Every structure is written in C-alpha cells, then in structure tokens.
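Below are the chains, spelled out letter by letter.
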Amino acid sequence: MIKVAVMGYGTIGSGVAEILDQNRDVIAGQAGQDVELKYVLDLRDFPDSPVADKIVHDFKVIEQDGEVEIVVETMGGLNPAYPFVKACLEAGKHVVTSNKALVAAYGTELLQIARDKNVNFFFEASVGGGIPIIRPLYRCLMGERIEEITGILNGTTNFILTKMDKEGASFEGALKEAQNLGYAERNPEADVEGHDTCRKIAILTAIATGREVNFEDIYTEGITKITDVDFKYAEKMGTSVKLFGTSRISGGRVSAFVAPVMIGKDHPLYAVNDVYNGIMVRGNMLGTSMFYGSGAGKLPTASAVIADIIEAAQNMKRNVRLGWTSERQAVEPMDRVSFRYFIRMAGTYRNKEQDVRAAFGPVEVVELYGMDEFAVLTREMTEGEMKAAVSGYNAAEAKRSEYGVKQTIRAMV
C-alpha cells in the first residue's frame, strides 16, 4: 500500500481526497496497489469532514514519516509551498502539485532535486486544470518538433470576454458577475492582467523546448482595456476577442506573449467560450491538435492530480524523464513579433484617410453607425512597426489638435 499526504484542504485538495476515496478501486487497479490518504495538512480543523481524523497542522509530521511516499501540494502560492515541496523531494518523497506559480518560479530547481533523489515531481494540473496537456507534450508528442502552442488558459478572463461578446456586457459588469459566481477572486489582478496565463504558457514553452523559460521575459497584457465597443466592431467583422497565451518556436528561437487577440470564426479557438479552456498545439509532423475542457474546478483539476499520483505510484523506484534543464531559453522581444492590427481612431475615416494611409499603408476600414470614430485592420507588421506607425499618426493628429488612436488589438483574421 502507498501512503499519500495532501498539503492544503481547499477546493482542489478536498477534491483529491474525495477521488482517492470514491475511485479507490480504479486507482488501485492503475497503480498496481492500494493508494491511501494518511495525512491532510492544513491550518484549519475540519471536524465534520471525511478527513477529520487525518488532519495535521505540523509539516514535520509529513516530512519525517517514512511511510508517506507521495505528497500532494494544493496550497497555492510560493510560501510555504516552495520550502515544503523542496523538503519533501529532498526527503526522497514523490511530489505532485497543481501550483502553476510554484512550477513557473521554481520548477527548474525542483525538477533537478527530483532527478538527483530518483523521485518524481509531477505538475499536470498546473496548466489547463483537468485538460491533459503536460503529459501529452512529454509523452504522446515526444517525436514532434513543437512549432506553436496557443491557449485560452484562464477561465475567468474567458468568461468575462464571452459575456462581453455574447451579451454586450461591460468589462466591469462581466467581472462583477464572475466574482458573484465564484469564478473571479475579490482581487482579480492575477487573472485579468494576464499573470496567470503568463505562468502557464511559460511552463508549456519550457516543456516544448526542454529549456528554462523565465515567465518575466514574456510580454504580458491583460483584458482590462477591452471594451464593449471593441466587441461591436468584432461582431460586424465576424470575429471575437480572446486572451491568448502564445509561444512560437522556430530554429531554436522563441517568441511568446500574453495578450487579447482578435480572431476569426475559422480559428480553432474561436468557439472556446465561458469558463472553458482550449489549447492548440502545432507540431511539424502532426499539424494542429486541440485540447479542450474544464480548465479549473474542484474535481476536474483533482482528476489531473490523481493521474499524477498514479504515475508516481507506477514509478516509485525511478525518475520519469520530464521537464527541462537549467539552460535558459531566450525569448524574442515583443517588438519583433508580427500581427495584423485592429486599430480604433477618433473622427471619420473620410477626414483622416490621408494620415491613416501615410502612417499605416493600405488598410481595411470598419465603421459603426452613429459613432464618432472608425477602425482599421492593418496589413501584417511587427509590433515595433505598429508602434512607430501609431506614434507618427498621433503626432500628425496632434498638430491639428485632434484625437488619434483610441484602441489597438492584435489580430489574426
């Protein structure tokens, strides 16, 4: 029998305990032996819960118990998750985590400790919740040269953008509804500013390249500047706006970003709505494949944790080759990345045509009835070229004491 400890009895931790109990026979069949929950570490007591007799408050109980061979970390954050996980690995215990912040910040170090101690550090649930994506990348697609990973990796932002798209809600109104439904935290910054997505695309890029990717090197822009007016234009154009985490890999060079992107109906991620996640992976031989499902939630995420527990149980005496090395993967500056751009401008195109063409070259023009503004869709250009064009246009408008660019969204249409 394999004894397991869970650190953190919140949403995901309680889900792990529930599945360990309810799917006991399934797990035992896959693991080759019974898997039993011995401890649950938490600051709180849960006298009416099924794990009341397993609650401990002192981490040392888990660290020093030789019977505990697999430890599950579902506390979130970096402190005390990082020192606790590190100590467990150094004690020769396998560790499974759902903590993307931990993996993004300390994954390189923790993976190396696991290799040195001949144990495993698994983190399937850290990206995409219940969607299998980490394991497919290092196992099912191991013969592929991964060329692109693009994902809707945050259910909160996708819910907000869907509400704005389908119901005409404002950003503020959609965010408030997301908070009322429990999809968004009281402080939603990590979600709406793109930080959560950034850590996830950093992890996926590191898996794909085999090198460490510093999430701080990835250009990150959230959805707080997206408005209901943007979606009115999108409706007329037959497009939508999604928050993408994207990594493009070519010739050892990586460009990665997190930003709202305007996409057409033919894009594989166009129909991924509400709190669902979708991840598109393109390999040089496979072509494009899609992974879709519940990107968060108690039981979907816990299901991914359970799969890692089973893999650890199947490999108690060996380290599974997984992850990346300490060699740093350089990330190209955002100014070199190319898009078409959706740009909203004050005034009427008839009066601004000369300045628009001088700054941006040939464009497609989109106008909404009754609006004292218009929008253009540019040719493909680099981010640096776009910034220079916007600066030039705004300077020309300022000379006439007129307003220039109001909004810019990258486009793949």
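Residues numbered from 1 in each chain as written. Predicted model: local features only at pLDDT ≥ 70, side-chain atom pairs only at ≥ 80, totals over all residues. Heavy atoms only, no water.

J.: Before we go on, may I ask you to explain the pairing of strand β11 (residues 253-264) in this structure?
T.: On any regular strand, side chains alternate: one points to one face of the sheet, the next to the other face. β11 sits mainly inside the fold: 11 of its 12 residues count as buried. In the sheet, strand β9 (residues 219-220) pairs with β11 via 2 bridges, with the strands oriented parallel. Bridge pairing in β11 places tyrosine 219 opposite phenylalanine 257. Across 12 bridges, strand β10 (residues 239-250) lies against β11 in antiparallel orientation. (Buried < 20%, exposed > 50% of the residue type's maximum accessible area, 1.4 Å probe, protein only. Helix = DSSP H or I, 4+ residues; strand = E, 2+ residues; numbered from the N terminus. Pairing = 2+ DSSP bridges.)

J.: I'm lost on the UniProt feature "domain: Homoserine dehydrogenase catalytic" (unreviewed entry) in the protein in this one. Help?
T.: Here, the residues flagged by UniProt with the feature "domain: Homoserine dehydrogenase catalytic" (unreviewed entry) are residues 132-310. Across residues 132-310, the secondary structure splits into 40% helix and 28% strand, with the terminal C-alpha atoms separated by 14 Å. (UniProt positions renumbered as here; feature names shortened; annotations may be inferred.)

J.: Is there a simple way to explain the sheet that holds strand β5 (residues 94-97) in this structure?
T.: Backbone hydrogen bonds are what pair the strands of a sheet, in a parallel or an antiparallel way. Spatial strand order, β3-β2-β1-β4-β5-β6: 6 strands in an open sheet with parallel pairing. With partners counted over all chains shown, the strands left at the sheet margins are β3 (55-56) and β6 (121-122), one partner each. Examined bridge by bridge, strand β1 (residues 2-7) and strand β4 (residues 68-73) share 5 bridges and lie parallel to one another. Paired with valine 6 across the strands is valine 72, a residue of β4.

J.: Could you clarify how one ought to interpret the UniProt feature "active site" (unreviewed entry) in the protein in this entry?
T.: The sites that UniProt annotates as "active site" (unreviewed entry) are Lys200. Position of lysine 200 among the secondary structure elements: in helix α10 (residues 195-209). Apart from the residues within four sequence positions on either side, lysine 200 is in contact with Lys100, Ser126, Val127 and Leu153. (Contact = heavy atoms within 4.5 Å.)

J.: Explain the layout of surface pockets here, please?
T.: In this approach, a probe sized like a water molecule rolls over the atoms, and the result shows the empty space that is left. Estimated volume of the largest pocket: approximately 1200 Å³. If you go around the largest pocket, you meet 40 residues; those closest to its centre are Ile12, Lys100, Glu185, Asp196 and Ala296. When residues of the lining of the largest pocket are traced back to their parent elements, those giving at least two are α1 (11-22), α5 (100-117), α7 (155-167), α9 (189-192), α10 and β12 (276-283). It is α10 that provides the largest number of residues to the lining of the largest pocket, a total of 4 residues. (1 Å grid on protein atoms, 1.4 Å probe; cavity = no way out; pocket = protein on both sides within 12 Å on 5 of 7 lines; lining within 4 Å. Points joined across faces, edges and corners; volume = space filled by probe spheres on them.)

J.: Looking at this structure, how should I read the packing of aromatic side chains?
T.: Between two aromatic rings, the relevant description is the distance of the centres plus the angle of the planes. Counted under the stated rule, the structure contains 12 aromatic pairs. Each ring, one from phenylalanine 123 and one from tryptophan 324, has its centre 5.8 Å from the other, and the planes form 65°; the classification is edge-to-face. Of this pair, phenylalanine 123 sits in the loop between β6 and α6 (134-140) while tryptophan 324 sits in the loop between α12 (298-314) and β14 (325-328), and the two are 201 residues apart along the sequence. Judged by relative accessible area, which is 1%, phenylalanine 123 ranks as buried. Assessed through its relative accessible area of 4%, tryptophan 324 is described here as buried. With centroids separated by 6.0 Å and ring planes inclined at 50°, the aromatic side chains of phenylalanine 360 and tyrosine 393 adopt a geometry described as tilted. Within this pair, whereas phenylalanine 360 is found in helix α13 (residues 349-360), its partner tyrosine 393 is found in helix α14 (residues 383-399), the two being separated by 33 residues in sequence. One exposure class covers both phenylalanine 360 and tyrosine 393, and it is buried. Here the basic side chain of arginine 199 rests over the ring of phenylalanine 215, its NZ or CZ set 4.3 Å away from the ring centre. Over the ring of phenylalanine 339 we find arginine 410, and its NZ or CZ is 6.0 Å from the ring centre. (Phe/Tyr/Trp six-rings, centres within 6.5 Å; stacked < 30°, edge-to-face > 60°. Lys NZ or Arg CZ within 6 Å of the ring centre and 35° of its normal.)

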